[in-house]
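# Geometric and topological summary
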Amino acid sequence: MARKDKLDFDYSDLHKMIIKRCGTMTNFAEQVGWNKTYLSNKLAGRVRMSIDDIARISYALSIPNSLIGKYFFTLSGERKLTDVDKILSAPIEDFDVEM
């Protein structure tokens with residue numbers, strides 16, 4: 001059963017970075033140990049990105065933690081994740097958390 005609250009993310013900036021850094025999707029897919037079809041399905045939103053996927057891609061492309069939101073959590077269409085971007089980039093001191 002499909003979830004109605006599923007968020008669709010826009011990976012167009014990530015796609016551009018892959019092409020800029022690796023030349024082709026095939027080159028990048030091989031670099032991270034996937035085939036091109038699997039990578040394409042991830043970027044098209046047909047297969048969800050896991051935390052491990054985000055870590056693997058970020059490491060391979062040297063994406064700094066401060067830009068994870070831009071490349072992986074930008075909503076497609078009219079919806080935006082401005083609050084999530086703020087949370088991801090905020091220092092831990094901004095939160096009331098006991099450590």
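Here goes a summary of the coordinates provided. Remember, it's a predicted structure, so these values are computed and weren't measured experimentally.

### Brief notes about the overall build of the protein chain
The number of helices and strands found in the protein chain is six helices and zero strands. Every one of the 99 residues in the protein chain was classed for burial, and the buried ones make up 27%. For the protein chain, the share of sequence-separated contacts (at least 6 apart) that also reach a separation of at least 24 residues comes to 52%. Carbon and sulfur atoms form 52% of the exposed surface of the protein chain, whose accessible area is close to 7200 Å².

### Some points on unusual backbone geometry
Phi is positive for Ser62, close to 55 degrees, though the residue is something other than glycine. Note on placement: Ser62 falls in the loop between helix H4 (51-61) and helix H5 (68-72).

### Considering the side chain of Lys42
Note that Lys42 resides in helix H3 (residues 36-44). With a relative accessible area of 2%, Lys42 lands in the buried category. Look past the residues within four positions of Lys42 in its chain and what remains in contact with it is Tyr11, Val47, Arg48, Met49, Ser50 and Asp53.

Quick notes on the rules
Residues numbered from 1 in each chain as written. Predicted model: local features only at pLDDT ≥ 70, side-chain atom pairs only at ≥ 80, totals over all residues. Heavy atoms only, no water. Helix = DSSP H or I, 4+ residues; strand = E, 2+ residues; numbered from the N terminus. Buried < 20%, exposed > 50% of the residue type's maximum accessible area, 1.4 Å probe, protein only. Contact = heavy atoms within 4.5 Å. Areas by Shrake-Rupley, 256 points an atom, 1.4 Å probe, with all protein chains shown as cover.

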